[in-house]
Amino acid sequence: MQPCKSLTGVTHETFWNDIVPANEPVVLRGLCGDWPSVTAGGRSDQAMVDYMRHFDSGAAVEYLSAAPDVKGEFFYGDSLRTRNFRKGQASLAEVLNRLLAETQAPPPALYSQSTPVDAILPGFPEQNLNPLLPALTRPRIWIGNAVRVQTHYDLSDNIAVVVAGKRRFTLLPPDQLPNLYIGPFEQTLAGSPVSLADIERPDFQRFPKLRDALAAGYIAELEPGDAIYIPYGWWHHVRSLSTLNVLVNYWWNEAPSHLQAPYGALLHAMLLVRDMPVRQRAVWKTMFNHFVFCENGDPGAHIGLNDQGVMAKLTPAQHSRALEQLVLGLERQRRGH
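This is a predicted model, so every value here is computed, not measured.

Here is what the cut-offs are and how they apply
Residues numbered from 1 in each chain as written. Predicted model: local features only at pLDDT ≥ 70, side-chain atom pairs only at ≥ 80, totals over all residues. Heavy atoms only, no water. Helix = DSSP H or I, 4+ residues; strand = E, 2+ residues; numbered from the N terminus. Contact = heavy atoms within 4.5 Å. Areas by Shrake-Rupley, 256 points an atom, 1.4 Å probe, with all protein chains shown as cover. Lys, Arg positive; Asp, Glu negative; His and termini not counted. Charge placed at Lys NZ, Arg CZ, Asp CG, Glu CD. Axes fitted to C-alpha atoms, helices over the stretch in contact; angles between N-to-C directions. Left-handed = near helix turned anticlockwise from the far one by under 90°. Nonpolar A, V, L, I, M, F, W, Y, C, P; charged D, E, K, R; others polar. Pairing = 2+ DSSP bridges. Buried < 20%, exposed > 50% of the residue type's maximum accessible area, 1.4 Å probe, protein only. Arc of directions from axis to C-beta.

1. Section: the overall build of the chain
Piece 1. Per the secondary structure count, the chain includes 10 helices and 14 strands.
Piece 2. Structurally, the chain occupies a C-alpha span of about 65 × 45 × 40 Å along its principal axes.
Piece 3. Considering only residue pairs separated by 6 or more positions, the chain has 79% of its internal contacts joining residues 24 or more positions apart.
Piece 4. Accessible surface for the chain amounts to roughly 18300 Å². Of this, 55% is attributable to carbon and sulfur atoms.
Piece 5. Distance from the positive charge centre (30 side chains) to the negative charge centre (33 side chains) of the chain: 7 Å.

2. Side note on the side chain of His152
Piece 1. Looking at the secondary structure, you find His152 in strand S8 (residues 148-152).
Piece 2. Not counting the four nearest positions on each side in its chain, His152 is found in contact with Pro193, Val194, Trp234, Trp235 and His236.

3. Re the packing of helix H2 (residues 36-43) against helix H3 (residues 45-53)
Piece 1. Two elements in contact, H2 and H3, have axes separated by 5 Å at closest approach and are oriented at 145 degrees. For the pair H2 and H3, the crossing hand works out as right-handed. Between H2 and H3, the residues in contact are Pro36, Ser37, Ala40, Gly41 and Arg43 and Ala47, Met48 and Tyr51, respectively.
Piece 2. For the contact of H2 with H3, the per-class residue count stands at 5 nonpolar, 2 polar and 1 charged.

4. Digging into the sheet that holds strand S11 (residues 218-222)
Piece 1. In spatial order, the strands read S1-S11-S10-S13-S8; together these 5 strands make up an open sheet with mixed pairing. The open sheet has two edge strands, strand S1 (2-3) and S8, and neither has a second partner.

5. Some details on helix H1 (residues 12-22)
Piece 1. Looking at H1, one finds that the buried residues are Phe15, Ile19 and Val20. Down the axis, H1 shows its buried residues gathered within 90 degrees of arc, on one side only. For H1, exposure combined with an orientation more than 90 degrees from the buried face picks out Asn17, Asp18 and Pro21.
Piece 2. Lining the buried residues of H1 we find strand S2 (5-8), strand S3 (26-29), strand S9 (157-164), strand S12 (227-230) and strand S14 (245-252).
Piece 3. Asn23 lies just past H1 and shows a positive phi near 60 degrees.

Structure below.
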């Protein structure tokens, strides 16, 4: 894999005018090197923990834990219906104390992931500001030891900031989906479907198309104060490399709020189109390409605006009414069966 593009001194204008439109991941070296939290983490793990305790609200956090023989690799168990880890809840102070206390090698894996910072560390965001994003984009925090997050995607743009420890990111374009051997939608590890192929120890006999995915991939290692921009839908695998790792990330989605749940359309198409005869499926492929992906331009351009119906760009209210009619139609269809 090739190294991910890396830039220093990125400004707000450069980020929004050049980096985001390019739709490729970029390492933002030293973006948050002046954060007080990064300074604390640079002194010692204890100093990092002491800094976070200053903000601790006492609220409980969810965490994952696994035995030492897992070596930090949270994944499925003996089947796709089991897991090799457990979930629990504890105060942030308890999680931090456990991370500092574990000295065996390898230690039990421990990870608190995707916790809203405002809930557990109020005041932290105001002392550690992301210079590229508006204040309304609120951060989440990820705290653990040397663990691995399996290859997955997010339906949001993302800036992830390494506060303490080091992390290795492996990034793969959205078009590599067919080469990643995705697990079931109904049995995910944390919400998004994940790849069943291990990109760190690839088994090309079992997953031969993984070679093509890795050939298209990028790799980056981040130090404290570094950040990485991960565009919407890009697959990423994250390996924490230190005994104490803290990461803060920011998700945002530029699409209108009423357009941010496309999974329903995908699942309906899988249920209603996928198992048709091939020649019928070909008709619907043309339909989707024309009316959904607009590969031939505006599909309603030849119709007056007042008569375009769902071919027009709908307002949120019109969108809501159309969805209601769709749900009613599907319910009538279900009852007809």
